[in-house]
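# An overview of the molecular structure
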Amino acid sequence: MRLVQIAQHADDLGRAAAFYADLLGAAPVATFDPPGLVFFDVGGVRLLLDRAAPSALHYLSVDDIDATVERLRHAGAPVEAEPHVIFAHEDDSLGPAGSDEWMAFVRDSEGNLVGLVEHRPRA
């Protein structure tokens, strides 16, 4: 079994699609309106923006959490939690051994919370 799709609520599909295109660095792979669906490919998992979907909290891996947060802040995204260490990876069970898991949280254009994650080697 594998994860196929995550649905995320979006009141304004155009506005939400622009936010996620900027965040992901990729255009939507499909749009169907009606009924109001926009799809992105996130590492082989579909992110569906849908007017009828509930809000979902999803976490996205980023290469540079500080730069990503600053870019999103500059674009007007509310930052709910600045980048900070959540825990250290002692083994490879949840991430690369010897790294720290950094997270930050921002709000998308529709008010949904989005987690950003960076696995940073310990200094």
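Keep in mind the model is a prediction, meaning the values are calculated, not measured. (Residues numbered from 1 in each chain as written. Predicted model: local features only at pLDDT ≥ 70, side-chain atom pairs only at ≥ 80, totals over all residues. Heavy atoms only, no water.)

### Details of the overall build of the chain
Cut-off, in case you're wondering: Secondary structure counts use DSSP, requiring at least four H or I residues in a row for a helix and at least two E residues in a row for a strand, with both numbered from the N terminus. Our radius of gyration looks at C-alpha atoms and nothing else; its globule reference is 2.2 Å times the residue count to the power 0.38. Whether two residues touch is decided by their heavy atoms; if any such pair falls within 4.5 Å, the residues are in contact. The Shrake-Rupley method, run with a 1.4 Å probe, gives the accessible areas here. Residue values count only the displayed protein chains as cover.
Along its length, the chain carries two helices and eight strands. Reading the chain from its N end, one meets helices and strands in the order β-α-β-β-β-β-α-β-β-β. Relative to the globule expectation of 14 Å for 123 residues, the C-alpha radius of gyration of the chain, 15 Å, shows essentially globular dimensions. Expressed as lengths along the three principal axes of its C-alpha atoms, the size of the chain is roughly 50 × 40 × 25 Å. Here the contacts in the chain between residues at least 6 apart in sequence split such that 53% fall between residues at least 24 apart. Working note: accessible area of the chain is about 6800 Å², and carbon and sulfur atoms make up 56% of it.

### Side note on helix H1 (residues 13-24)
Three or four residues apart is the spacing at which side chains of an α-helix point the same way, because the helix has 3.6 residues per turn. This is how the line gets drawn: One fewer than the residue count of a helix, multiplied by 1.5 Å, yields its expected span. Polar contact criterion, stated in full: a pair of N or O atoms within 3.5 Å, where within protein one must be able to donate a hydrogen and the other to accept it, and residues adjacent in sequence count only if both atoms are side-chain atoms.
For H1, spanning twelve residues, the distance from its first C-alpha to its last is 16 Å, which sits close to the expected 16 Å at 1.5 Å a residue. By the N-cap criterion, in which a side-chain oxygen at the helix start approaches the backbone nitrogen of a residue two or three places on, H1 is capped by Asp12, the distance to Gly14 being 3.1 Å. Where H1 terminates, the next one or two residues include Gly25, which has phi positive at roughly 70 degrees.

### Comments concerning the pairing of strand S5 (residues 58-61)
Rules: Between buried and exposed lies partly exposed: a residue is buried under 20% and exposed over 50% of the maximum accessible area for its type, with that area taken using a 1.4 Å probe on protein chains only. One requirement defines pairing of two strands: DSSP has to find at least two bridges between them.
Going residue by residue along S5, you find His58 and Leu60 tucked away on one face and Tyr59 and Ser61 left uncovered on the opposite face. Looking at chain direction, S5 and strand S8 (residues 113-121) are connected through four bridges and run parallel. The residue of S8 that forms the bridge with Ser61 is Val117.

### What about the nonpolar core?
Convention followed: The nonpolar core is taken to be a set of buried Ala, Val, Leu, Ile, Met, Phe, Trp, Tyr and Cys residues, with the residues joined through side-chain atoms within 4.5 Å.
Counting residues in hydrophobic clusters, the biggest one holds 22 residues, and the most contacted among them are Tyr20, Leu23, Leu49 and Leu116. Secondary structure elements with two or more residues in this core: H1, strand S3 (37-42), strand S4 (45-50), helix H2 (65-74), strand S7 (99-107) and S8. With six residues, the single largest contributor to this core is H1.

### Here's the deal with the layout of surface pockets
Note the threshold: Each cavity reported here is a set of points on a 1 Å grid over the protein atoms alone in which a 1.4 Å probe fits but cannot get out, each pocket an open set with protein on both sides within 12 Å along at least five of seven lines, and each lining residue one with an atom within 4 Å of a point. Grid points are joined across faces, edges and corners, and a volume is the space filled by probe spheres set on the points. As a working rule, the residues Ala, Val, Leu, Ile, Met, Phe, Trp, Tyr, Cys and Pro are called nonpolar, Asp, Glu, Lys and Arg charged, and the rest polar, with Gly in that last group.
When its volume is computed, the largest pocket comes out at roughly 160 Å³. Leu23, Leu24, Ala26, Asp41, Val42, Leu60, Ser61, Val62, Asp63, Thr68 and Arg71 are the residues that line the largest pocket. For the lining of the largest pocket, the elements supplying multiple residues, two or more each, are H1, S3, S5 and H2. Its residues placed into classes, the lining of the largest pocket shows six nonpolar, two polar and three charged.

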